[in-house]
Amino acid sequence: MLAENDAPRDPRSSPVQAQYSIVVPVYGNELSLEALTARLAQLVPDLGGPLEVVFVVDGSPDRSGEVLARLLPQQPFASRLIYHSRNFGSFAAIRTGLRRASGSYLGVMAADLQEPPELMGEFFRKLLSGSADLVIGVRRSRAGDPTVSALGSRVFWAAYRRLVQREMPVGGVDVFACTSTFRDHLVSLDEKHSSLVSLALWLGFRRESVPYDRLPREHGSSGWTFRKKLKYLSDSVFSFTDLPIRLLLAAGMIGVTVSLVMAIVVVIARLSGAIHVAGYAATTLLIAFFGALNLAGLGIIGAYVWRAFENTKGRPGAVVMADRTFDGNAP
């Protein structure tokens, strides 16, 4: 059982000062919410301190908000129900939840129950012991995932580790917990079109991991599509590495070298009489090659400039439309 401690509390606009907070982004999870709240309620007796759960409905197209509004007043834990004005993405929802959570120790998990809620108790125990500032869940297996999907995920995360963040666990990170001090540093990095998990790893601090087995999805289908994976990878590449610039520079140097070699060959052949008329095909290919290289270069530079421009606009990462609080129906 977790015991109370005298860790400093982070003052937030919450009706209940919790010791533990769990942030849950919600999008298309209507069918899993009843089971989720029941599993979270089972954590309360073992924590030994006040629990608050912050649900952020991120423009969900189903009845998730209505279901939570019905379920939360009956739960033995305090809760907040926050509505975004539209879908801003899971990272934006997590940021909103972390900013408004009041706990000294904070966890983040998905609403689809593929990551066991009981992990939160284990995470909080590690944080409470003072041995870590950030605890991440590391998958041992992906139960129930189709073969093609599992293979695609392995390839994706292998590319991510290679190109972006070598410290990223092999299967990525979907669930983690941290101290309020770490949370404050994390949400202060208000970068748009970036990876919140990679920012957490970039921060450093003391970090520990907890292995777990991912559970099969019981309701609905995953929204983690190939298109979203590609966007996530590209956002992370442009946010955390200059790899595209270095690749462009390498391509340019290779192109210049090839052009110089070809120019020397053409001059020698011309002087020796092997070429009487300059080749039209070679000229066309060179123009096409360097034209494409220039366009690719402009696109890569434009991607960096656009992201820099987005971060200068000062727009919030998400807009909160409503915020409801529930004190909990503690026995």
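Since the structure is predicted, the reported quantities are computational estimates derived from the model, not experimental observations.

S.K.: Please provide a residue-by-residue account of the pattern of salt bridges, values included.
M.R.: Once their charged atoms are close, side chains differing in charge can pair, the charge on each being opposite to the other. All chains considered together, the criterion is met by six salt bridges. For the salt bridge of Glu30 with Arg63, the shortest nitrogen-to-oxygen distance reads 3.1 Å. You can see Glu30 sitting in the loop between β1 (20-26) and α1 (33-41) and its partner Arg63 sitting in the loop between β2 (51-57) and α3 (64-71), a full 33 residues away along the chain. The class of Glu30 is partly exposed, set by a relative accessible area of 24%. Under the relative-accessibility criterion, Arg63 is labelled partly exposed at 41%. Here the salt bridges share partners, and the residues they tie into one network are Glu30, Arg63 and Glu66.

S.K.: Break down the side chain of Ser60 for me, with residues and values.
M.R.: Inspection of the secondary structure assignment puts Ser60 in the loop between β2 and α3. Of the polar contacts made by the side chain of Ser60, one reaches the backbone nitrogen of Gly28; its length is 2.8 Å. In contact with Ser60, other than residues within four places in its own chain, are Val26, Tyr27 and Gly28.

S.K.: An account of the environment of Phe182 is needed here, citing residue identities and associated values.
M.R.: Along the chain, the position of Phe182 falls in helix α7 (residues 180-188). C-alpha separation for the pair Phe182 and Phe205, spaced 23 residues apart in sequence, amounts to 7.9 Å. Not counting residues within four places of it along the chain, the set of residues in contact with Phe182 comprises Asp133, Leu134, Ala200, Leu203, Gly204 and Phe205.

S.K.: So what about the packing of aromatic side chains? Which residues, and what values?
M.R.: The final tally for this structure, using the stated rule, is three aromatic pairs. Measuring from centroid to centroid gives 5.2 Å for Phe182 and Phe205, while their planes differ by 75 degrees, and the two rings are edge-to-face. With Phe182 in helix α7 and Phe205 in the loop between α8 (196-203) and β7 (207-214), this pair connects stretches of sequence that are 23 residues apart. Take Phe182: its relative accessible area is 0%, and that puts it in the buried class. By the ring-pair criterion, three or more aromatic residues cluster together here, those being Tyr20, Tyr105 and Phe124. Arg86 extends its terminal NZ or CZ atom over the ring of Phe88, reaching a point 3.9 Å from the ring centre.

Conventions we followed
In this convention, every chain numbers its residues from 1, walking through the sequence in written order. Residue-level local features of this predicted model are given only where pLDDT is at least 70; pairs of side-chain atoms are given and counted only at 80 or more, and the full residue set underlies all totals for whole chains, interfaces and linings. Computation of side-chain values: all heavy atoms of the structure, hydrogens and water removed. Here a salt bridge means any side-chain nitrogen of Lys or Arg lying within 4 Å of a carboxyl oxygen belonging to Asp or Glu. Numbering of helices and strands starts at the N terminus; helices are DSSP runs of H or I of at least 4 residues and strands are runs of E of at least 2. In this scheme, a residue with accessible area under 20% of its type's maximum is buried, one over 50% is exposed, and one in between is partly exposed, where area comes from a 1.4 Å probe on protein chains only. Polar contacts, as counted here, are pairs of nitrogen or oxygen atoms within 3.5 Å of one another; within protein the pair requires one atom able to donate a hydrogen and one able to accept it, and residues that are adjacent in sequence qualify only if both atoms are side-chain atoms. Residues count as neighbours in contact if any of their non-hydrogen atoms are within 4.5 Å of one another. Pairing of aromatic rings covers Phe, Tyr and Trp, the last through its six-membered ring, and needs centres within 6.5 Å; plane angles under 30 degrees mean stacked, over 60 mean edge-to-face, and all others mean tilted. By definition here, charges over rings are those cases where NZ of Lys or CZ of Arg is within 6 Å of the ring centre and within 35 degrees of the ring normal.

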